[in-house]
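So the chains spell out like this:
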Amino acid sequence: MRRAVFLDRDGTLLEEANYLSELRGLVFFPYTVAAVRLLNQSGFAVVVVTNQGGIARGIVKEAFIAEAHAFIDEKLAQGGARIDAYYYCPHHPEGAIAAFSNDCECRKPKPGQLLQAAADLDLDLPRSFVVGDRWTDVDAGEAVGARGVLVRTGHGRESERQSRPSAVVADNLIEAVAWILRQP
Ligand SMILES: [Mg+2]
Ligand SMILES: [Zn+2]
């Protein structure tokens, strides 16, 4: 079984774009490629888990998800880095598109995306980590016994104001990765 680092996408792996729906809104942080590459080199499966409620709301086209992830893959590959798998939740309890407007099991903080990844990739969840800019990211990880790191990018500074005594908080993804790599 492999250990994984689950990465939230918007605000964590990428700049927060407030419903990313076009490639021109997709912006890497200066350290994004290096952070993913470090995790690759350390033997972690790197798995993106992202709530895309914009699909249910009719703001993001579902086809754009594959397009965006192919673009991310290409850019990472140029730097020798790779995402092992992507998962997304297209649902929202108050969506505009009926097919996606439900209270699903895959919208973080529920752990459906992580459980699916664990089944697909044979992941060791209690020895895995999740990094995100919202407590819902951290909670999805903790629900399956993984350890969470909140980053201060994206919505992270707002999240941090509702601080939690035991939480691990890092400035950004590369700092979170550095912390993860120091754990026994
Ligand atoms: Mg986020
Ligand atoms: Zn869902």
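Values in this document were obtained by computation on a predicted structure and should not be read as measured data. Counting restarts for each chain, with residues numbered from 1 along the sequence as it is written. Lettering for chains starts from A, numbering for ligands starts from 1, and both go in the order in which the items are written. Whole-chain, interface and lining totals are the exception, using all residues; otherwise, since this is a predicted model, local features are given only for residues with pLDDT of at least 70 and side-chain atom pairs are given and counted only at 80 or more. Excluded from the side-chain calculations are hydrogens and water; all other atoms, namely the structure's heavy atoms, are used.

Participant: So what's going on with the nonpolar core? Which residues, and what values?
Facilitator: Residues belong to one nonpolar core when they are buried, are Ala, Val, Leu, Ile, Met, Phe, Trp, Tyr or Cys, and are joined through side-chain atoms within 4.5 Å. Note on exposure labels: buried denotes an accessible area under 20% of the residue type's maximum, exposed denotes more than 50%, and partly exposed covers the range between, all computed with a 1.4 Å probe on protein chains only. Residues Leu13 and Val131 are the most contacted members of the largest nonpolar core, which totals 38 residues. By the criteria applied, helices consist of DSSP H or I runs no shorter than four residues and strands consist of E runs no shorter than two, each listed in order from the N terminus. Those elements giving two or more residues to this core turn out to be strand 1 (4–7), helix 1 (32–41), strand 2 (45–51), helix 2 (53–56), helix 3 (62–78), strand 4 (129–132), strand 5 (147–151) and helix 7 (173–182). Residues within four places of Val131 in sequence aside, it is in contact with Val5, Phe6, Leu7, Asp8, Thr12, Val149, Val151, Leu173, Ala176 and Ile180. Here, residues are in contact when the closest pair of their heavy atoms is within 4.5 Å.

Participant: An account of unusual backbone geometry is needed here, citing residue identities and associated values.
Facilitator: It is generally the case that most residues other than glycine have a negative phi and that most peptide bonds are trans. The linkage connecting Lys108 with the following residue, Pro109, adopts the cis geometry, with an omega of 20°. Along the chain, Pro109 falls in the loop between strand 3 (85–89) and helix 4 (112–121). The residue Asn18 is not glycine, and still its phi comes out positive at about 55°. Look at Asn18 and you get exposed, because its relative accessible area is 59%. Here the phi dihedral of Asp122 falls at roughly 55°; this positive angle occurs in a residue that is not glycine. Among the structural elements, Asp122 can be located in the loop between helix 4 and strand 4.

Participant: Break down the coordination of the zinc ion (ligand 2) for me, with residues and values.
Facilitator: The donor definition counts N, O and S atoms within 2.8 Å of each metal and applies 3.2 Å to Na, K and Ca; water is not among these atoms, so some sites may look incomplete. Coordination of the zinc ion (ligand 2) by the protein involves Cys89 (SG), His91 (ND1), Cys104 (SG) and Cys106 (SG), with metal-donor separations of 2.0 to 2.2 Å. Only four donors with every angle between 85 and 135 degrees are called tetrahedral; only four or six donors with opposite donors over 155 degrees apart and all others between 65 and 115 are called square planar or octahedral, in that order; all others are irregular. In this structure, the zinc ion (ligand 2) is coordinated by four donor atoms arranged in tetrahedral fashion, with angles at the metal of 100 to 117°. Donor residues for the zinc ion (ligand 2), ordered by position in the chain, follow C-x1-H-x12-C-x1-C. Across this residue pair, the class does not change: Cys89 and His91 are buried.

Participant: Run through the coordination of the magnesium ion (ligand 1), naming residues and quoting values.
Facilitator: Six octahedral donors around a metal ideally subtend angles of 90 or 180 degrees, whereas four tetrahedral donors ideally subtend 109.5 degrees. Taken together, Asp8 (OD), Asp10 (O) and Asp133 (OD) make up the full set of protein donors to the magnesium ion (ligand 1), lying 2.1 to 2.2 Å away. Counting along the primary sequence, the residues that act as donors to the magnesium ion (ligand 1) give the motif D-x1-D-x122-D. Taken together, the residues Asp8 in the loop between strand 1 and helix 1 and Asp133 in the loop between strand 4 and helix 5 (135–142) connect sequence positions 125 residues apart. Residue classification places Asp8 among the buried positions, given a relative accessible area of 7%.

Participant: Describe the environment of Arg164, listing the residues and the values that go with them.
Facilitator: As for its placement among the helices and strands, Arg164 is situated in the loop between helix 6 (156–161) and strand 6 (168–170). For Arg164, a relative accessible area of 31% gives the class partly exposed. Along the primary structure Arg164 and Ser101 are separated by 63 residues, whereas in three dimensions their C-alpha atoms are 31 Å apart.

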